[in-house]
Amino acid sequence: MLSEIEMRPHPGPIESDRASRSGRRGVVDRRRSILVGHDFSGPAHRALARAVDVARTHEAKLHILHATPRVTHTVDRLFGNNRAVTHARDSLARVTAEVRAKGLSVRPHMIVGSVPQAVRSTAGELHADLVVVGARGRVLPDALVGSTAERIAAATERPVLMVRRAVNRPYRHLVVAIDAASDLRRLLEAAKIVAPGAQLSLLHAYEDPYETGLLLDGSSHANLRAGRTQVRREARAALMPVLAKAGLEQYEVLLRNGNSRRVLEFEDRERSGRDALFVLERERSVAEHLMSGGVCRWLIARGESDVLLV
């Protein structure tokens, strides 16, 4: 087993999709490929358990990646002490053996370098259909630069599943947050990899931009209700092309009044403990991220549910 794990430096540029799909002899492996990052912590073990569950569902090939910081590796070499690297290698071998004993196809990877870039490069080489990482919530040192899970999600454009809850059974509920610019078909394709049999809910948050002004002017409750009704109607109409493009013209959307963060917070708490998975799109720009208050980042850092970022 130990000889199977090759310590290699940080990979170079990501290969093209055509090259990464091909094996050494030009043979294409059409099975899904799932990459899970593992640092041997509690959240990482939960992530691996979920990745195993998904891989078994699709008969996919599972890849387990551990990244060793370059500083640790360099210090060990300078002082002729390989304890940290050896311990990591042994731990990775043990985890791989445990997964293989469950009858899954699995391959370990050990890379020297930063975790986000190691995940990005390895996912590119493997043409991974899904990246799985453990989410431990926001801690103080991460407050400004984001958690490791967030940095991994930012480093790759591939779907990233952030696992927070212990794995007891497959996801039973999918909550897909959408707006008028969403690529719903792409969101659902990624969601089907993770939770193919889950009940689907489409969620949209809307607000009346004039409501605060009306309140300050002493407008009646009847006028406020009328304004909300009109905004709700306009929001539904704006979502119809999104649903039509995904072939869901008749699907009912959960329309919730309030800003996106408050709506997600409410839905997250309501569905806590109900095997729910929230599916979100990455913020499309820095400006959008700043204006929205980092809705995705909030749910990743403070929420209780698992998150699939697409």
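Please read all numbers here as calculations on a predicted model, not as lab measurements.

Topic: the overall build of the protein chain
Here comes step 1: What the protein chain contains, in helices and strands, is 12 helices and 11 strands.
Here comes step 2: Within the span of the protein chain, comprising 310 residues, buried residues form 46% of the whole.
Here comes step 3: A separation of at least 24 residues holds for 79% of the contacts in the protein chain among residues at least 6 apart in sequence.
Here comes step 4: Accessible area of the protein chain: about 16400 Å², with a carbon and sulfur share of 51%.

Examining the packing of aromatic side chains
Here comes step 1: A full pass over the atoms with the stated rule returns 0 aromatic pairs.
Here comes step 2: The ring of Tyr171 carries the charged tip of Arg50 above its face, separated from the ring centre by 3.8 Å.

Some remarks on the pattern of salt bridges
Once the charged atoms of two side chains with opposite charge are near each other, the side chains can pair.
Here comes step 1: Applying the stated criterion across every chain yields a total of 10 salt bridges.
Here comes step 2: Between Arg32 and Asp129 there is a salt bridge; the shortest N-O distance is 3.9 Å. Linking Arg32 in the loop between α1 (17–21) and β2 (33–37) with Asp129 in the loop between α5 (115–126) and β5 (130–134), this pair joins segments that are 97 residues apart in sequence.
Here comes step 3: Owing to a relative accessible area of 16%, Asp129 belongs among the buried residues under this scheme.
Here comes step 4: As a salt-bridge pair, Asp183 and Arg186 come within 3.8 Å of each other at their nearest N and O atoms.

Here we look at unusual backbone geometry
Here comes step 1: The backbone of Glu59 shows a phi angle near 50 degrees, a positive value even though the residue is not glycine.
Here comes step 2: Of note, Glu59 is situated in the loop between α2 (42–58) and β3 (61–68).
Here comes step 3: With phi around 50 degrees, His127 is a residue other than glycine that occupies positive phi space.
Here comes step 4: For His127, the location among the structural elements is in the loop between α5 and β5.
Here comes step 5: Judged by relative accessible area, which is 15%, His127 ranks as buried.

With respect to the nonpolar core
Here comes step 1: With 52 residues, the main nonpolar core has Leu62, Leu184 and Leu308 as its most contacted residues.
Here comes step 2: Looking at which element gives the most residues to this core, the answer is helix α7 (residues 184–194), with 7 residues.
Here comes step 3: Counting residues in hydrophobic clusters, the runner-up holds 31 residues, among them Ala67, Ala149, Ile152 and Cys296.

A closer look at the pairing of strand β7 (residues 173–177)
Here comes step 1: Counting buried residues in β7 gives 4 out of 5 residues, a clear majority hidden from the surface.
Here comes step 2: In terms of strand pairing, β7 meets strand β8 (residues 199–206) through 5 bridges, oriented parallel. Looking across to β8, one finds that Val176 is bridged to Leu202.
Here comes step 3: On the question of chirality, the crossover connecting β7 to the parallel β8 by way of α7 is right-handed.
Here comes step 4: Where β7 lies against strand β10 (residues 276–280), 4 bridges are found, and the strand directions are parallel. Bridge pairing links Leu174 to Leu277 in β10.

The rules we used
Residues numbered from 1 in each chain as written. Predicted model: local features only at pLDDT ≥ 70, side-chain atom pairs only at ≥ 80, totals over all residues. Heavy atoms only, no water. Helix = DSSP H or I, 4+ residues; strand = E, 2+ residues; numbered from the N terminus. Buried < 20%, exposed > 50% of the residue type's maximum accessible area, 1.4 Å probe, protein only. Contact = heavy atoms within 4.5 Å. Areas by Shrake-Rupley, 256 points an atom, 1.4 Å probe, with all protein chains shown as cover. Phe/Tyr/Trp six-rings, centres within 6.5 Å; stacked < 30°, edge-to-face > 60°. Lys NZ or Arg CZ within 6 Å of the ring centre and 35° of its normal. Salt bridge = Lys/Arg side-chain N within 4 Å of Asp/Glu carboxyl O. Core = buried A, V, L, I, M, F, W, Y, C linked by side-chain atoms within 4.5 Å. Pairing = 2+ DSSP bridges. Right-handed = clockwise from strand over helix to strand, strands pointing away.

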